[in-house]
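# Architecture at a glance
What follows is each chain in one-letter form.
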Amino acid sequence: MNENGAGFGGLQMIDDASGAEIPSTAPVSSAAAAGPVGTATPIAPIAPATPIAPATPIAPATPIAPIAPIAPIAFEQAADGVVALTDRGGSHARVLIVGSGPAGLTAAIYAARADLEPLVIAGFVPGGQLMITSEVENYPGFPEGIEGPQLMANMRAQAERFGARLVDTDVEAVDFSARPFAVTAGGTRHTADSVIIATGASAIWLDLPNETRLRGRGISACATCDGFFFRDKRVAVVGGGDSALEEALFLTKFASEVVLIHRRDELRGSRIMQNRTLNHPKIRVAWNSQVVDVLGEEKIAGLRLRDTQTGAEREMPIEGLFVAIGHKPNTDVFKEWLARDEKGYLVVHDHTSSGIEGVFVAGDVHDHRYRQAITAAGDGCKAAIDAERWLEAQGEEDGAAGTDAELVTGVAGIGEASARSGIPG
């Protein structure tokens, strides 16, 4: 039996065997109409859901380390009105060295090799007088000579190699009233068990612009250091005291002529030195003369002189100028604590002692006789050895004092125990 659609109005029934239409009113078996029904495929059971693994617990957060407190920063009003920031957190050293010339750096080398870890306050212009010396030929170990700044750079590198710490600033104040000693530099207060002073002495110059420009190019303040370079040349020496006379006499060994320039009509040096100078065939004196300018481009070529009585000016051709109007020891910062002589140099006791235990002196800051790099270096060596031995002695004394105190305490303890136990002490 087929089902054919009869338009949209109803359902038309056709007999399969005869093809005749079956009246719509004839009863139809639901089974015959639907035909046999097959067995339904059973639905597979749903697999149980995989259980969700428990979540991994979150590790507790690492606590944030507390922020270290910031060192206090002080504001200081400078003389020129500029406000400066200064870190007050200074360091402590077993040996603190003031100065970085041959004396200071040699002391630093010896102290560092003795494991004293020295702190060197080197100054704003470190290196001492050798920084303005062109060539050094009389320092042992350099057969071809060495430039002054290079020699000081080598010394500094050697000191740093062994552990010395250098701070390039000037000392402003010291306090030697008690140990540890205090040294203030660049606004920072450092302390030390011992101090070596090696601040040297500075040559007094003429304060002429071209003099500064040509310093080390024919202008010097040390005939012993540089006289050899002026063999067979005409040179001038400025000054009238014993230092100037000594320089002039020394230069006669090399120069063809030495002109001693003095602004007065008589010398100030000792009588014996005057006689030697005035009677020397290579020395001529330019009396009542003042240097007002230095001539030359790449090196010195001459001087402009002014007559101190008439005011008239003239030029003098020369190939070298030695300024010998004196040296100023760099001791002002120590004047309230240490003894100085009439020229301002520190007074030394027993080789290197300043008179205050634990404070030592080395170099040109006390030596106004030799003023040589090699003698200053030797002084630095001596001061470092003396400081090391002094510190060792202090440690032994402190240890002995501690042992004595422990012994007294122990004896007292035995007495107290005897008293408590009834045993005679």
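Everything here concerns the structure above.
Residues numbered from 1 in each chain as written. Predicted model: local features only at pLDDT ≥ 70, side-chain atom pairs only at ≥ 80, totals over all residues. Heavy atoms only, no water.

Let's shift gears to helix H2 (residues 102-113). Relative to the 16 Å expected for 12 residues at 1.5 Å per residue, H2 spans 17 Å between its end C-alpha atoms, a close match to the ideal helical length. All of the buried residues along H2 are Pro102, Ala103, Gly104, Leu105, Thr106, Ala107, Ala108, Ile109, Ala111 and Ala112. (Helix = DSSP H or I, 4+ residues; strand = E, 2+ residues; numbered from the N terminus. Expected span 1.5 Å × (residues − 1). Buried < 20%, exposed > 50% of the residue type's maximum accessible area, 1.4 Å probe, protein only.)

This brings us to the pattern of salt bridges. Two side chains carrying opposite charge are able to pair once their charged atoms lie near each other. On inspection of all chains with the given rule, the structure shows 10 salt bridges. Residue Arg234 is joined to Glu257 by a salt bridge in which the shortest nitrogen-to-oxygen separation is 3.1 Å. Of the two residues, Arg234 is situated in strand S16 (residues 234-238) and Glu257 in strand S17 (residues 257-261); the sequence distance between them amounts to 23 residues. On the basis of relative accessibility, which here comes to 24%, the residue Glu257 falls in the partly exposed class. We note a salt bridge from Glu315 to Arg304, for which the minimum N-O separation is 3.0 Å. Linking Glu315 in strand S21 (residues 313-317) with Arg304 in strand S20 (residues 302-307), this pair joins segments that are 11 residues apart in sequence. Judged by relative accessible area, which is 52%, Glu315 ranks as exposed. (Salt bridge = Lys/Arg side-chain N within 4 Å of Asp/Glu carboxyl O.)

Turning our eyes to something else, we now look at the sheet that holds S20. Pairing within the open sheet is antiparallel, and its 3 strands lie in the order S19-S20-S21. At either margin of the open sheet sits one strand with a lone partner, and together these are strand S19 (289-295) and S21. Taking each pair of neighbouring strands and ignoring which way they run, the sheet shows an average axis angle of 30 degrees. Relative to S21, S20 runs antiparallel, the two sharing 5 bridges. From the neighbouring strand, Leu305 faces S21, where its bridge partner is Arg314. (Pairing = 2+ DSSP bridges. Axes fitted to C-alpha atoms, helices over the stretch in contact; angles between N-to-C directions.)

Looking now at the side chain of Gln372. One can find Gln372 in the loop between strand S24 (359-361) and helix H8 (373-421). In this view, Gln372 contacts Asn138, Cys222, Thr224, Cys225 and Asp364; residues no more than four positions away in its chain are not counted. (Contact = heavy atoms within 4.5 Å.)

Take the pairing of S20 next. Here S19 runs beside S20; their pairing, made up of 6 bridges, is antiparallel. When the bridges of S20 are listed, Val294 appears paired with Leu303. Where S19 folds back on S20, the antiparallel hairpin that results is connected by 6 residues, among which Gly296 adopts a positive phi of roughly 135 degrees. What sits between S20 and S21 in their antiparallel hairpin is a turn of 5 residues, with Gly311 showing a positive phi close to 85 degrees.

Read across the open sheet, the 5 strands follow the order S15-S22-S16-S17-S18; overall the sheet is parallel. The open sheet terminates on both sides in strands that have one partner only, identified here as strand S15 (219-220) and strand S18 (283-286). Where S16 and S17 come together, 5 bridges link them in parallel fashion. Paired with Ala236 across the bridge in S17 is Val259. In the packing of helix H6 (residues 242-251) onto the sheet, contacts are made with S16, S17, S18 and strand S22 (320-323), and the angle to S16 comes to roughly 170 degrees.

The interhelical angle for the contact between H2 and helix H3 (residues 148-161), taken along N-to-C directions, is 25 degrees, at an axis separation of 8 Å. Classified by the interaxial angle, the pair formed by H2 and H3 is roughly parallel. Crossing of H2 over H3 shows left-handed handedness. Each of Pro102, Leu105, Ala108, Ile109 and Ala112 in H2 lies in contact with H3, whose residues at this interface are Met152, Met155, Arg156, Gln158 and Ala159. Looking at the contact of H2 with H3 residue by residue, the classes come out as 8 nonpolar, 1 polar and 1 charged. (Parallel < 35°, antiparallel > 145°, perpendicular 65-115°, else oblique. Left-handed = near helix turned anticlockwise from the far one by under 90°. Nonpolar A, V, L, I, M, F, W, Y, C, P; charged D, E, K, R; others polar.)

Looking now at the packing of aromatic side chains. Per the counting criterion, the structure on display carries 9 aromatic pairs. Taking 6.1 Å as the distance between ring centres and 80 degrees as the angle between the ring planes, the aromatic pair formed by Phe228 and Phe254 counts as edge-to-face. With Phe228 in the loop between helix H5 (223-226) and S16 and Phe254 in the loop between H6 and S17, the pair connects residues that are 26 residues apart, well separated along the chain. With relative accessibility at 43%, the residue Phe228 sits in the partly exposed group. Over the aromatic face of Phe162 sits the side chain of Arg113, whose NZ or CZ is 5.5 Å from the ring centroid. The ring centre of Trp205 lies 3.9 Å from the NZ or CZ of Arg215, which sits over that ring. (Phe/Tyr/Trp six-rings, centres within 6.5 Å; stacked < 30°, edge-to-face > 60°. Lys NZ or Arg CZ within 6 Å of the ring centre and 35° of its normal.)

Moving on to the nonpolar core. Counting 34 residues, the largest nonpolar core has Ile97, Tyr139 and Ile196 as its most contacted members. By residue number, the principal contributor to this core is H8, which donates 8 residues. In this view, Ile97 contacts Gly104, Ala107, Ala108, Pro118, Leu119, Val120, Ile121 and Ile196; residues no more than four positions away in its chain are not counted. (Core = buried A, V, L, I, M, F, W, Y, C linked by side-chain atoms within 4.5 Å.)

What follows is about H6. Of all the positions in H6, only Ala244, Leu245, Glu247, Ala248, Leu249 and Leu251 are classed as buried. Buried-residue contacts for H6 involve H5, S16, S17, helix H7 (271-278), S18 and S22.

Moving on, we come to unusual backbone geometry. Excluding glycine, most residues fall at negative phi; most peptide bonds, likewise, are trans. Here the residue pair Arg179 and Pro180 is connected by a cis peptide bond, since its omega of -5 degrees sits within 30 degrees of zero. Look at Asn288: it is not a glycine, yet its phi comes out positive at around 50 degrees. As for its position among the elements, Asn288 is in the loop between S18 and S19. The backbone of His351 sits at a positive phi, close to 80 degrees, despite the residue not being glycine. Among the residues examined, His351 registers a relative accessible area of 57% and is labelled exposed.

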